[in-house]
Every structure is written in structure tokens, then in C-alpha cells.
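# Secondary and tertiary structure notes
Chain by chain, the residues run as shown.
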Amino acid sequence: AGDMLLAALIDAGASLDAIRSQLPISNVSLETRMVERHGIGAAALTVTAPHEHAHRRLGDIKKIIDSSTMPAGAKSRAHRAFEVLAVAEGHVHRIAPTDVTFHEVGALDAIVDICGVALALDQLSIDEVICSPLPMGRGKTRAAHGVLPLPAPATLQILTDCPVYGVEVEGETVTPTGAALVKSLSSGFGAVPSMTLRTIGIGSGNADWQAVPNVVRVLLGTTEEHQAAGNAALILETNLDDMLPEWVPDVVQACLDAGAHDAWTTPAAM
């Protein structure tokens, strides 16, 4: 769920105070507390928002996001998550994404979850997200449109072409908001990538199932590509033909001024 992912990112080092100050809505409160799930300590997030009857469309939510002080990158991530939700809900209801009226996913706490995750990723300077295969529970849930089977129709639509697997849980293990976040943020799904592990964050949901621990873990690390980037050197070579020899020292100096570690020339017979 979105609140679990946000709690995990806060547990991994994102500042809750900074997230509060940049959220696009101000009439909500966010608090974290420590809980235990199957012997695993985790952060749980409580979002308290006033009850409202506002039904928002995608354009309304984008305006709320755009009018905030969120960084541009965080705004873009939040936009993409809500666009994924709108496309999925539109497919379920057989209407255009722009005509979708958000109920649960358009509520204030969902806006907090999505924008909060986008802000946390920006704070932590995350360049790439890779998600593991997702566990799918079963059962029923009550929504604005009535009783729905689990996984929820919108969740299944969002996770088309994504790896999933079933778990022995009577409950909602992946929400539409959580699915939209990982689908819009992730560059891929699969095993843990090769990296140097730096930080671990664990976020918990309110349910405490016996079959599986109800937690989301985020692993923050640096890939070998990023580690080597600071030590990598690139050699550029070219032939200078039909150029006045007096210009060669200026070319070499221009290369050095541009940041080259070294520059040299050698004559060639043609």
C-alpha cells in the first residue's frame, strides 16, 4: 500500500518533517510509530485527514500537485502514478481516463501517500527503482462501487505484464495506490539487482496476517556503474586535417579549459 511504502522510505532516512512541509495539501497530519510484524520491527504511518465528499478527476489532482512547492521531479513522479491509476480505472469502468472520478484513490490520504513517496524518493536522491514480484491475496473488499473481489480490478489492470504470485492471505495485499506507485516508478520487476547495500527501510500495514509478514522493505544501494563513474576516464581521438598549425596550441588549451585531464597532439604523414 502507498502508506507502507512511504513509511519504509521514512524508515530508510527520508525526513517526515520535510515531507509534511512540501505536501500539496495542508489539512492532514502524518505520524509514524514503531510496530512489530512476525518479529520484524517496522515503521507504520498514520495519515489523519478530514472526511470529505469531493470526487476529483485526474485534471483536478494534477492542479493540486502543480500548485504545490514540490520539486519538479517529485511532481512528475506523482503525475505518472495518478495517470496509471486513471488509465486502469478507466479500463475497468470502460470510460476515458480523463473522465474517471476518483473515490478512494482520490481521497486526501491517497494524495498524501503518492506525493509523499515522490518527495521521499527525491530527498533520498533515488535514480532508479526495481520492484520484486508482488504477492496477491484473495477475498473481497467494500469500495465506493460496492463489494469487489480481491485483488481489486484496478490493481489487476495496473499490474498487467508485471510478475505476481499468490499468497494464502484473506485480504488486500496490494492496493491500487500501491500498485500504481510501483508500476509508475519501477524501471523493471525481478530479483534484487547487483549493488552495494547502504540502507534498509521497513514499512508496515495495519493488518497482521499469520501467513506472511505485512511489511514492505526498501533496499537502498549503489550499483557498480555509479560507483565506478567517479573514476572512469574517456579517451577521445580525432584527426585534424587542413588546419593552420598555429591553431593547434589553442585547440589543446580549449580541451584543457573544458575539463580534460590531459591533451596532446602528434603529427601524421599522409
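Scroll up for the structure.
Quick summary incoming for the structure in this document. Every chain begins its residue count from 1, and numbering advances along the sequence as written. Owing to the predicted nature of the model, reporting of local features is limited to residues with pLDDT of at least 70; listing and counting of side-chain atom pairs is limited to 80 or more, with chain, interface and lining totals taken over all residues. In computing side-chain properties, one takes all heavy atoms of the structure into account and sets aside hydrogens as well as water.

## Topic: the nonpolar core
The line we're drawing: We define the nonpolar core as a collection of buried residues of types Ala, Val, Leu, Ile, Met, Phe, Trp, Tyr and Cys that are connected through side-chain atoms lying within 4.5 Å of one another. The buried label applies to any residue whose accessible area, calculated with a 1.4 Å probe on protein chains only, is under 20% of its type's maximum; exposed applies above 50%, and partly exposed to all values in between. Per the convention used, a helix needs a DSSP run of H or I reaching at least four residues, while a strand needs a run of E reaching at least two, with both numbered from the N terminus. Contact criterion: two residues are considered in contact whenever any of their non-hydrogen atoms come within 4.5 Å of each other.
Of all hydrophobic cores here, the largest spans 54 residues; its most connected members are Leu6, Ile19, Leu30, Met70, Phe82, Val117 and Leu159. Per element, the largest residue contribution to this core is 10 residues, and it comes from helix α5 (residues 108–123). Ignoring anything within four residues of it in the chain, the contact list for Leu30 reads Leu6, Leu16, Arg20, Leu23, Leu45, Thr46, Val47 and Val112.

## Here we look at the sheet that holds strand β9 (residues 215–222)
Pairing between the strands of a sheet is mediated by backbone hydrogen bonds and can be parallel or antiparallel. Which entries qualify depends on this criterion: Two strands make a pair as long as DSSP finds a minimum of two bridges between them. Axis definition: a line fit to C-alpha positions, over the contact stretch in the case of helices; interaxial angles, taken between N-to-C directions, run 0 to 180 degrees.
The sheet built from four strands is open, its strands ordered β1-β2-β8-β9 with mixed pairing. The strands lining the two open edges of the sheet, one partner per strand, are β1 (29–37) and β9. Across the sheet, the mean angle separating the axes of adjacent strands is 35° when strand polarity is ignored. Strands β1, β2 (40–48), β8 (196–204) and β9 of the sheet are contacted by helix α1 (residues 2–11), whose axis makes an angle of about 135° with β8.

## Structural notes on the environment of Pro193
Looking at the secondary structure, you find Pro193 in the loop between β7 (186–189) and β8. Classification of Pro193 as partly exposed rests on a relative accessible area of 32%. Here the alpha-carbon distance between Pro193 and Cys131, two residues 62 residues apart in the chain, equals 9.8 Å.

## Brief notes about the pattern of salt bridges
Close approach of charged atoms lets side chains of opposite charge pair. Basically, it comes down to this: What makes a salt bridge here is a side-chain nitrogen of Lys or Arg within 4 Å of a carboxyl oxygen of Asp or Glu, nothing more.
Tallied over the entire structure, the rule returns six salt bridges. When the shortest N-O distance is used, the salt bridge between Arg20 and Asp17 registers 2.5 Å. Of the two residues, Arg20 and Asp17 both sit in helix α2 (residues 16–22), three residues apart, roughly one turn of that helix. The partner of Arg138 in a salt bridge is Glu168, with the nearest N and O atoms 3.1 Å apart. Linking Arg138 in strand β4 (residues 134–143) with Glu168 in strand β6 (residues 164–170), this pair joins segments that are 30 residues apart in sequence. What makes Arg138 partly exposed here is its relative accessible area of 37%. Each member of the salt-bridge network shares a partner with another, and the members are Asp17, Arg20 and Glu31.

## Section: the sheet that holds β6
Spatial ordering of the open sheet is given by β5-β4-β6, a layout of three strands whose pairing is mixed. This sheet does not close on itself; its edge strands, each paired only once, are β5 (146–150) and β6. Averaged over all adjacent pairs, the angle separating strand axes in this sheet is 35°, with direction ignored. Of the strand pairs in this sheet, β4 and β6 are connected by four bridges, and their pairing is parallel. For Pro135, the partnering residue across the bridge sits in β6 and is Tyr165.

## Examining the packing of helix α4 (residues 72–93) against helix α7 (residues 176–185)
Under the convention used in this document: Orientation labels follow simple angle bins: below 35 degrees gives roughly parallel, above 145 gives roughly antiparallel, 65 to 115 gives roughly perpendicular, and whatever is left gives oblique. Each crossing gets its handedness from the near helix: less than a right angle anticlockwise from the far helix is left-handed, clockwise is right-handed.
The geometry of α4 relative to α7 is characterised by a closest axis approach of 8 Å and an angle of 120° between their N-to-C directions. As the angle between them shows, α4 and α7 are arranged oblique. α4 and α7 meet at a crossing whose hand is right-handed. Along its contact with α4, which presents Arg77, Arg80, Ala81, Val84 and Leu85, the element α7 presents Pro176, Thr177, Ala180, Leu181, Lys183, Ser184 and Leu185.

## Quick look at the pairing of β1
Pairing geometry for β1 and β2, over nine bridges, is antiparallel. Directly across from Leu30, in β2, lies its bridge partner Val47. With antiparallel pairing between neighbouring strands as the criterion, β1 and β2 make up a hairpin whose turn holds two residues, including His38 at a positive phi of roughly 55°.

Interpretation in functional terms is not warranted from these geometric data alone.
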